[in-house]
Amino acid sequence: MGNSLKAIVAFVPTEECQKYLLEDLEEMPVDKMVDLSGRQLRRLPLHICSFRELVKLYLSDNNLNHLPPELEQLQNLQILALDFNNFKALPLVVCTLKQLCILYLGNNQLCSLPLELRLLQNLKTLWIESNCLQCLPEVVCELSLLKTLHAGSNALRTLPTQLRRLQELRTIWLPGNLLSEFPSVLLDMPFLEVIDVDRNSIRFFPSLAHLPGLKLVIYDHNPCRNAPKVAKGVRRVGRWSEETPEPRKRSGAVIEISFDERPSPPPAIKPEPE
């Protein structure tokens with residue numbers, strides 16, 4: 001009943017209705033965090049933008065498709081969650097928040113990212129999963145401090161060669177895309193620790209044994225005929241991993257070995273900035 005009422009009230013732009021949705025949030029909390037997730041918001045209340053010392057702002061699971069220019073006042077913001085909304089384009093005002101370390105944009109309708117994203121040079125974590133991206137925007141390759149990139153459940157077929165510039169990148173999640181080949185640029189990124197290409201269309205995996213930083217590779221649910229070779233101590237999740245041998249050729253035929261399908265373990269908890 002409460003959620004239904006909020007959904008109705010969200011259409012009414014009066015100050016009283018907005019206060020109802022915010023549950024009388026009139027002053028900035030002591031912990032400098034505002035969580036307005038799941039409030040049926042269709043617009044960000046402007047008085048939130050007056051909390052100039054705000055560090056964390058969670059706006060997940062609302063009905064937002066734009067943000068006010070006054071958001072630029074939040075120059076101390078480090079975490080901004082805009083996932084599970086209705087954004088078809090990233091509001092440019094987000095790119096003015098230069099202290100951002102973590103940005104959640106997943107589960108929207110984004111087909112691209114603006115060039116102004118390059119201004120977020122403190123960004124360490126970017127989630128753009130479950131959007132409408134047919135290629136990874138090259139501007140992502142200009143985020144020099146990026147450590148974690150989650151771009152799963154899009155329509156990516158390749159990755160740009162410029163991605164190798166991201167020498168701080170440690171984790172890349174690419175499950176549920178349209179990759180028909182293992183992205184060759186990842187072979188030139190020895191600092192990667194986690195590679196997830198679960199649920200793609202990759203038929204052959206090159207050796208990953210030369211990647212000294214690699215700790216985990218997830219390659220399950222691909223139509224592959226081989227497992228990627230990895231260095232000792234690297235965990236593999238997929239066909240013919242540690243527990244089962246790879247198929248043996250006999251008279252020119254490949255004999256399939258049964259295996260237990262295991263779901264890929266995407267991060268379940270949103271990380272805090274380091």
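Values in this document were obtained by computation on a predicted structure and should not be read as measured data.

Trainee: Give a description of the overall build of the chain that names residues and reports values.
Mentor: Check the secondary structure of the chain and you find two helices and twelve strands. The 274 residues of the chain split such that 46% are buried. Across the chain, the fraction of contacts at a sequence separation of at least 24, relative to all contacts at a separation of at least 6, is 26%. Surface exposure of the chain reaches about 13,700 Å², of which carbon and sulfur atoms provide 52%.

Trainee: I'd like a description of the sheet that holds strand β10 (residues 235-237), backed by residues and values.
Mentor: Here ten strands make up an open sheet; going across it, the order is β1-β2-β3-β4-β5-β6-β7-β8-β9-β10 and the pairing parallel. Every interior strand has two partners, whereas the edge strands, β1 (33-35) and β10, have only one. Pairwise comparison of adjacent strand axes, ignoring direction, gives a mean angle of 5° for this sheet. Bridging between strand β8 (residues 194-196) and strand β9 (residues 216-218) involves three bridges; their strand directions are parallel. When the sheet's bridge partners are listed, aspartate 196 is paired in β9 with isoleucine 218.

Trainee: Explain the confidence of the model for the chain to me, and be specific about the residues and the numbers.
Mentor: When pLDDT is averaged along the chain, the result is 86; 79% of the residues meet or exceed 70. In this model residues 5-12 is a low-confidence stretch, pLDDT under 50, and it forms 17 contacts with partners more than four residues away in sequence or in other chains. For the stretch residues 249-268, pLDDT sits under 50, and the model shows 38 contacts to residues farther than four places along the chain or on other chains.

Trainee: Quick rundown of the environment of arginine 39? Include the residues and the values.
Mentor: Its place among the elements puts arginine 39 in the loop between β1 and β2 (56-58). Along the backbone, arginine 39 and asparagine 62 are 23 residues apart, and their C-alpha atoms lie at a distance of 6.1 Å.

Trainee: Just give me the short version of the packing of aromatic side chains, but keep the residues and values in it.
Mentor: Per the stated rule, a full pass over the model turns up three aromatic pairs. When the ring of tyrosine 104 is compared with that of tryptophan 127, the centres are 5.3 Å apart and the planes differ by 80°; the resulting orientation is edge-to-face. One end of the pair, tyrosine 104, is in strand β4 (residues 102-104); the other, tryptophan 127, is in strand β5 (residues 125-127), with 23 residues separating them in the sequence. Summarising the burial analysis for this pair, tyrosine 104 and tryptophan 127 share the class buried. Where phenylalanine 205 meets tyrosine 219, the ring centres are 5.4 Å apart and the plane angle is 65°; that geometry is what we call edge-to-face. Here phenylalanine 205 is found in the loop between β8 and β9, whereas its partner tyrosine 219 is found in the loop between β9 and β10, with 14 residues between them in sequence. Taken individually, phenylalanine 205 and tyrosine 219 each receive the classification buried, so the pair is uniform in this respect. Site record: aromatic cluster; members linked through ring pairs are Phe182, Phe205 and Tyr219.

Trainee: Quick one: what's the story with the side chain of aspartate 198, residue by residue and with numbers?
Mentor: Structurally, aspartate 198 is set in the loop between β8 and β9. On the basis of relative accessibility, which here comes to 1%, the residue aspartate 198 falls in the buried class. Of the polar contacts made by the side chain of aspartate 198, one reaches the side chain of histidine 221; its length is 2.9 Å.

Trainee: Kindly report on the pattern of salt bridges, identifying the contributing residues and their values.
Mentor: Enumeration according to the criterion identifies four salt bridges in this entry. Of the charged contacts in the structure, one is a salt bridge between arginine 199 and aspartate 198, with a shortest N-O distance of 3.5 Å.

Cut-offs applied
Residues numbered from 1 in each chain as written. Predicted model: local features only at pLDDT ≥ 70, side-chain atom pairs only at ≥ 80, totals over all residues. Heavy atoms only, no water. Helix = DSSP H or I, 4+ residues; strand = E, 2+ residues; numbered from the N terminus. Buried < 20%, exposed > 50% of the residue type's maximum accessible area, 1.4 Å probe, protein only. Contact = heavy atoms within 4.5 Å. Areas by Shrake-Rupley, 256 points an atom, 1.4 Å probe, with all protein chains shown as cover. Pairing = 2+ DSSP bridges. Axes fitted to C-alpha atoms, helices over the stretch in contact; angles between N-to-C directions. pLDDT = per-residue confidence, 0-100. Phe/Tyr/Trp six-rings, centres within 6.5 Å; stacked < 30°, edge-to-face > 60°. Polar contact = N/O pair within 3.5 Å; in protein donor to acceptor, adjacent residues only side chain to side chain. Salt bridge = Lys/Arg side-chain N within 4 Å of Asp/Glu carboxyl O.

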